[in-house]
Structures are given as structure tokens and as C-alpha cells.
Amino acid sequence: MEIVDLRSDTVTQPTSNMRRAMAQADVGDDVYGEDPSINRLQEISAKMLGKESALFLPSGTMGNLVAVLAHCGRGDEVILGNKSHTFLYEAGGISALGGVHSCQLINQADGTIDVKDILNAIRPNDAHHPVTRLICLENTHNRCGGVSLSAQYTVEVGQIARQKSLSLHIDGARIFNAAVDQGVSAAELAAPADSITFCLSKGLSAPVGSVLCGSKDFIARAHRIRKQLGGGMRQAGILAAAGIVALETMIDRLKEDHQRARDLADGLSKIPGIKLDTYSPQTNMIFLSLDDGIPFDTQEFVSHLAERKIRVGATGSRRFRLVTHYWITDEGVQRTIEAFKSLLNP
Ligand code: TLP
């Protein structure tokens, strides 16, 4: 029996088309700017996100770090959500490596930060304060349940950034899930932002890599910072080739992942003892909790599911995340519902 791995869309394996493209990729030394596959991926990415230029990076974490360091100097402040990936799960890189101070504002359940909170958090020009330099949004918002932020909201935050001479960065690790969910282009969702990172290695199923997009000047600064961090790569066109296949063939099908997430949520919501989060699912993530009366603790429940060859992520006390992706089939969805049923209503 195959394992149904719902822990994350990062577990996706490269498709056979990707493996073929990787084997045949034209490559060169990217530190000399001579890798044709990376150059092509960067060109396609910039175009798709509506920006002048793009930079291939090994991970989304490095993409966000490079972006923050390219926007901010030491002691500057970035405004971000208290449930953002950059704040929660990037090992404090922006402060450890960049000396960038963070102002964490409450993420609403829909993944937004209240614009009034943003306005109130912008520092006055006073020597006591750090200088507010950057606002970061996340779309789709992972910890808020894979919810997608609308273009309209992003425009509103972009206007604040312009008025206050700040920059706006989007952690768009799953921006294509947001675009498919809303039936708009990723470029439209990215338009108000000065920079955006997106990931090839999540729902798009490429094995490695993220891309940071922005203006030519910004990407030139980001390029130097990537080098400082040791992220200058050589014949990484092998990876970029898979990324190109991801962008050309794996975006439209994300709607299938969203549909399977809805099917899964539908089945799970009928099982007594399970409570789905309010906005769950909007794209490819389901967040759910177990009622207090259920006699399993979090790890026990994960282990019982694992015995049935179902893997889910534990995200808190009696709280779980299930993520659909290319390798989750309708049969996997049904098996997961059955496994939850048999554990909770034996
Ligand atoms: N998210 C991972 C874990 O780190 C939690 C996951 O399984 O979802 N931004 C967002 C919104 C992300 O969800 C992630 C990865 C990243 C950035 C970082 O990407 P990588 O893993 O490539 O560094």
C-alpha cells in the first residue's frame, strides 16, 4: 500500500517530464551568468510575475532572507505578520544575519494584517526608533490555512507602502495557488509589491528552488547578497530545467489539488470529533483540530495514522495540517477519510 503523504506539498517528487528535462539540460557556470537554463528560468519567472528581473535561489527561506536584506539595512525594521513563515519558520535569519528588527502584527484569520495596524506601526522620525523600511505579506498564507490574499487587499497595502516611502515584499511561496484560486494572474497579485519570492519546490513539484523577482536594481543587490550567503550556484541549470517544466505545465493543475482538499475536508468534516478551521480549505491546505473528548494526544494520533500509511503534519496540541499536491490521488483522499473514521469512531 502506498503512503499518502499529506505533511506538505514540499514532499512532491519531480515528475518524469522534469527528470527528462534535467537529464538534457544545457548548463554553464551561473556565477559567470552562463547557465542558459537558469537564465531562461529567470526570464520566464520575471515575465510571469510582471517584474523586470529575477534571481534563482536554492530555497524560499533564502529568497525571503535575500529580499529582506536587499530592502533593509542593520537596525531597520520590517513589519510582518505574527503567523508569517518569515517570522515563525526561518530560524530568525533576518535578525541573526541581517540585524533587521521585526515588528510582528496580528495576522487575521484570513491571512491579512489590518491596514490600521500597519499604519499605526510605522515609526515616526525619531532617534529612539528603528527606521521602518519594509512591509511583508504572505500569499497564500500558510499558517492561516493556505488562504489567499486578494489583489485588492495587496493594492491597499501597496498604497500605504508608497505613501510612507516603504517597500513591500510578498512571500509568495504558493502565489500560483492563490492565483488559481482567484482566477487571476500571479502578476496581478504581485503588482503592488516591489519584490516577490515564489517556490518551484512546493505544489509545482520541482525538486529544488525558488525565484525572487523585482526591479533590475533590486535584483542586482539581491544577486550580491545571494553570493554573500553562499548561494551562488554553478551548473544548477539541472535544477532550473525542472523549474521551467514546473512553470510551463504544473500551474493550471493546482485546481485539482484544491478540489481534492475540498473533497478531503468534506469527508473529514462529517466525522464527529473533528473541527476544521474557519477558512479551511481555501487552496491546498486543511487545518483541523480534535475535540477534547478524543482519547489521543497529538503524537499518538499521528502514529496511528502512520500505521495506516497516512502521514499528516502536527501543528500544535491536537492540531493537524493536511496538504494536497500532485502525488495525492482521489483514492488517497478516500483512504485518509476512512483512516480518520476508523480511529475516531472504531
Ligand atoms: N514551508 C514549509 C515549512 O517550512 C513549514 C511547509 O511545509 O509548508 N514561505 C512559505 C509560506 C512556506 O510555506 C515555506 C515552506 C517557505 C517560505 C520556505 O521555503 P523553503 O522550505 O524552500 O525554504
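Treat the numbers as computed from the prediction; the structure is a model and nothing was measured.

### Notes on the nonpolar core
By size, the foremost hydrophobic cluster in this structure holds 54 residues, and its most contacted members are Leu-49, Phe-56, Ile-118, Phe-176, Phe-198, Leu-200 and Leu-247. Top contributing element to this core by residue count: helix H11 (residues 237–249), with six residues. With residues near it in sequence (within four places) discarded, Ile-118 still touches Ile-79, Leu-105, Ile-113, Ile-135, Tyr-153, Val-157 and Ile-160. Judged by nonpolar contacts, the second largest core, of 28 residues, contains Leu-290, Val-302, Ile-310 and Ile-337.

### Observations regarding empty space enclosed by the protein
By the definition in use, this model includes two cavities of 30 Å³ or more. Its volume calculated, the largest cavity comes out at about 70 Å³. Along the walls of the largest cavity sit 13 residues, with Gly-81, Ser-84, Cys-136, Leu-137 and Glu-138 positioned nearest its centre. Of all the secondary-structure elements, those providing two or more residues to the lining of the largest cavity are strand S3 (77–81) and strand S5 (132–138). Broken down by element, the lining of the largest cavity gets its largest block of residues, three residues, from S5. Put simply, the second largest cavity is a space of about 30 Å³. Along its surface, the second largest cavity is lined by Ala-173, Arg-174, Ile-175, Phe-176, Asn-177, Cys-199, Lys-202, Gly-203 and Leu-204.

### Describing the sheet that holds S5
Across the sheet, seven strands lie side by side as S2-S8-S7-S6-S5-S3-S4; this open sheet has mixed pairing. Since the sheet does not close on itself, it has two edges, and those belong to strand S2 (53–57) and strand S4 (101–105), each with one partner. Within this sheet the neighbouring strands show an average axis-to-axis angle of 20°, counted without direction. Note that S3 and S4 share five bridges and pair parallel. Within S4, the residue paired with Gly-81 across the bridge is Leu-105. Relative to the sheet, helix H7 (residues 151–163) contacts S5 and strand S6 (167–172), its axis offset from that of S6 by approximately 150°. Lying on the sheet, helix H10 (residues 216–228) is in contact with S2, strand S7 (195–199) and strand S8 (210–214); it crosses S2 at an angle near 20°.

### Things to note about the packing of aromatic side chains
The full count for this structure, using the stated rule, is five aromatic pairs. On the basis of an interplanar angle of 45° and a centroid distance of 5.8 Å, the ring pair of Phe-296 and Phe-301 is categorised as tilted. Per residue, the accessibility class of Phe-296 equals that of Phe-301, and both read buried. Through a chain of ring-to-ring contacts, the aromatic side chains of Phe-296, Phe-301, Phe-320 and Phe-340 assemble into a single cluster.

About the thresholds
Within any chain, residue numbers begin from 1 and follow the written order of that chain's sequence. Only residues with pLDDT of 70 or above have their local features reported here, since the model is predicted, and side-chain atom pairs are shown and tallied only from 80 upward, although totals for entire chains, interfaces and linings are computed over all residues. Side-chain numbers come from the whole structure's heavy atoms, not from hydrogens or water. Nine residue types can take part in a nonpolar core, namely buried Ala, Val, Leu, Ile, Met, Phe, Trp, Tyr and Cys, and a core is a set of them joined through side-chain atoms within 4.5 Å. Exposure classes here rest on a 1.4 Å probe applied to the protein chains alone. A residue is buried below 20% of its type maximum, exposed above 50%, and partly exposed in between. Comment: elements are numbered from the N terminus, with helices defined as DSSP H or I runs of at least four residues and strands as E runs of at least two. Any two residues having at least one pair of non-hydrogen atoms within 4.5 Å are treated as being in contact. Any residue with an atom within 4 Å of a point lines the site, the site being either a cavity, points on a 1 Å grid over the protein atoms alone where a 1.4 Å probe fits but cannot get out, or a pocket, an open set with protein on both sides within 12 Å along at least 5 of 7 lines. Grid points are joined across faces, edges and corners, and a volume is the space filled by probe spheres set on the points. Paired strands, in this sense, are two strands between which DSSP finds at least two bridges. Axis definition: a line fitted to C-alpha atoms, over the contacting stretch in the case of helices. Angles run 0 to 180 degrees between N-to-C directions. In summary, the pairing rule links any two rings of Phe, Tyr or Trp, Trp by its six-membered ring, whose centres are within 6.5 Å, and it sorts them by plane angle into stacked for under 30 degrees, edge-to-face for over 60 and tilted for everything else.

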